[in-house]
Amino acid sequence: MIRTVATKPYSDQKPGTSGLRKKVPVFQQEHYAENFIQSIFDALDGFKGKTLVIGGDGRFYNREVIQTAIAMAAANGFGKVMVGQGGILSTPAASHVIRKYKAFGGIILSASHNPGGPHEDFGIKYNAGNGGPAPEKLTDAIFAKTKVISSFKIADIGTVDLDTIGTVEAGGMTVEVIDPVADYAELMESLFDFDALRALFKSGFRMRFDAMHAVTGPYAKEILENRLGAPNGTARNFIPLPDFGGHHPDPNLVHAKHLYDEMMGPDAPDFGAASDGDGDRNLIIGKGIFVTPSDSVAMLAANAHLAPGYKAGLKGIARSMPTSGAADRVAEKLGIGIYETPTGWKFFGNLLDADMATICGEESAGTGSNHVREKDGLWAVLLWLNILAARGESAKQIVTEHWAAYGRNYYSRHDYEEVETDRANALVDELRAKLASLPGTSVRGMKIASADDFAYHDPVDGSIAKNQGIRVLFEGGSRVVFRLSGTGTSGATLRVYIERYEPDKSRHDLDTQEALADLIAAADDIAGIRSHTGRAKPSVIT
Ligand code: VG1
Ligand code: CO
């Protein structure tokens, strides 16, 4: 039943910020997915007879690759596969299932916030037994295997029925099709005060949750409407579609503009939220106020003790380097540790496992805690709801009170998408070459205090990750950060992160782009963004 199939390596299977992401036609090349999956198994040790969790965000090509992964898991000697019904598991739910059932690890099929469809994006990533994305050491080992692979193993087991919950035998291995929502919903119920949330909705609290035709639809329907009693229609676009209805399932102010407009409108609901393709990101918009993800992680950390799951307080907070320093001020006030990591959730795993951090966050709309080892979109939404219920205040009140207490970190990210790779690399190379000469010089009247290429020294395992983003820090704490995206699938995406701290309460209601105008201009002066990219303005501003 088990076949060993000869294959040739592909040279482009290096995992990025979050797994391997490519266009669907790339994945459809002969043995492309098989090569990568076999390379994952080849880089692992000791899984014979153990359990592998498999699930995806439901995008185009999900079912095909799931069948392949199941047949290859059987051939490689796994004892059991647990797979979400219909091939569905949100990223945080997969993380939870791996942990709850003590699986050896999991394969998550997703390209997250990238669009889906026959000509759009697909992705594969491996999560380890702690439920978290493979650390760099493992992704490097997987990449090394992809370069030398000569065969893969697959079992002839026919097509597994992914739609019927239950257990079947296939190729000497057990396949259990599980309800993708049940375990996750139960976990949320253990962390948050569901009675208080039911009472909130009963009192007439109105909410909009936009699942963007991506994986969180069934989760939001079950938790918000069925369990918490929010009115029918609270969850929008809740049926996962293989092409996300033709949209980018990226919950930001560009791709979820309709939600933003509704929340700023005259008859706005009390609270608006959205999640991305694989359910690990969150967009939070209160009635009349957008909450930046960097602010959101700070505000959630400051108030987390109001939710039952966090009433003992936090051990520490971790944020990715480009995320604003708002969370640092909360950590300082709470007297707990603050950790600054490179971009990508895989860097939080060690801190969470070592119980050094309880809440983690990224400026890209990712927030999560030690309940799983991934960022978690609905979790962030439920924690916000729990805080709103406990404080009896609006999101806007909570945000403005937070700024008054801690000061406001004006923050924005400018993305230049699909820039020619050579031009983007030239920008970065040039910038790197002049880093040493920048400190002490002034741009637009602002003095540069330091400039470097961020390197992370993991305090738990001692590993070092270099070249994780170029930072230019000004006197007074303002900064601009430059890095190239590791999740895009065509050309290069330049991300420019801009931040300025404003302690003065009377200056907390400025327009963000205006408040940052000097720094935005300085970023262009320093890096020559326009001349290098040939773009007059960013493609996306968040
Ligand atoms: C982006 C974000 C990063 C996030 C990653 C995965 O990476 O900036 O913060 O962890 O996407 O998110 P990059 O390398 O493109 O900047 V998800 O929701 O796409 O898995
Ligand atoms: Co995602």
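Remember, it's a predicted structure, so these values are computed and weren't measured experimentally. (Residues numbered from 1 in each chain as written. Chains lettered and ligands numbered in written order. Predicted model: local features only at pLDDT ≥ 70, side-chain atom pairs only at ≥ 80, totals over all residues. Heavy atoms only, no water.)

Not every one of the 20 residues close to ligand 1 is listed here, only the nearest: Thr-17, Ser-112, His-113, Ser-364 and Thr-487. Ser-485 has a polar side-chain atom sitting 2.6 Å from an oxygen atom of ligand 1. Because more than half of its atoms lie within 2 Å of the grid, ligand 1 is assigned to the second largest pocket. Split into classes, the residues belonging to the shell around ligand 1 amount to no nonpolar, 10 polar and 10 charged. (Near = heavy atom within 4 Å. Polar contact = N/O pair within 3.5 Å; in protein donor to acceptor, adjacent residues only side chain to side chain. 1 Å grid on protein atoms, 1.4 Å probe; cavity = no way out; pocket = protein on both sides within 12 Å on 5 of 7 lines; lining within 4 Å. Sits in = over half its atoms within 2 Å of the grid points. Nonpolar A, V, L, I, M, F, W, Y, C, P; charged D, E, K, R; others polar.)

Let's shift gears to helix H6 (residues 182-191). Of all the positions in H6, only Asp-183, Tyr-184, Ala-185, Leu-187, Met-188 and Leu-191 are classed as buried. Buried residues belonging to H6 abut helix H4 (91-100), helix H7 (194-202), helix H8 (216-227) and helix H13 (377-391). (Buried < 20%, exposed > 50% of the residue type's maximum accessible area, 1.4 Å probe, protein only. Helix = DSSP H or I, 4+ residues; strand = E, 2+ residues; numbered from the N terminus. Contact = heavy atoms within 4.5 Å.)

Mapped onto the present numbering, the UniProt feature "domain: Alpha-D-phosphohexomutase alpha/beta/alpha" (unreviewed entry) falls at residues 13-147, 183-285 and 294-406. Structurally, residues 294-406 is divided into 45% helix and 16% strand, and its ends, taken at the C-alpha atoms, are 13 Å apart. (UniProt positions renumbered as here; feature names shortened; annotations may be inferred.)

The tally for this structure, following the rule as stated, stands at 15 aromatic pairs. Arranged with centres 6.2 Å apart and planes meeting at 85°, the rings of Phe-347 and Tyr-456 form a pair that is edge-to-face. Taken as a pair, Phe-347 in the loop between strand E16 (337-341) and helix H12 (349-353) and Tyr-456 in strand E22 (residues 456-457) lie far apart in primary sequence, 109 residues in all. By relative accessible area, Phe-347 is classed as buried at 8%. A relative accessible area of 6% places Tyr-456 in the buried class. Each member of the aromatic cluster is reached from another via a ring pair, and the members are Tyr-10, Phe-27, Tyr-32, Tyr-61 and Phe-122. (Phe/Tyr/Trp six-rings, centres within 6.5 Å; stacked < 30°, edge-to-face > 60°.)

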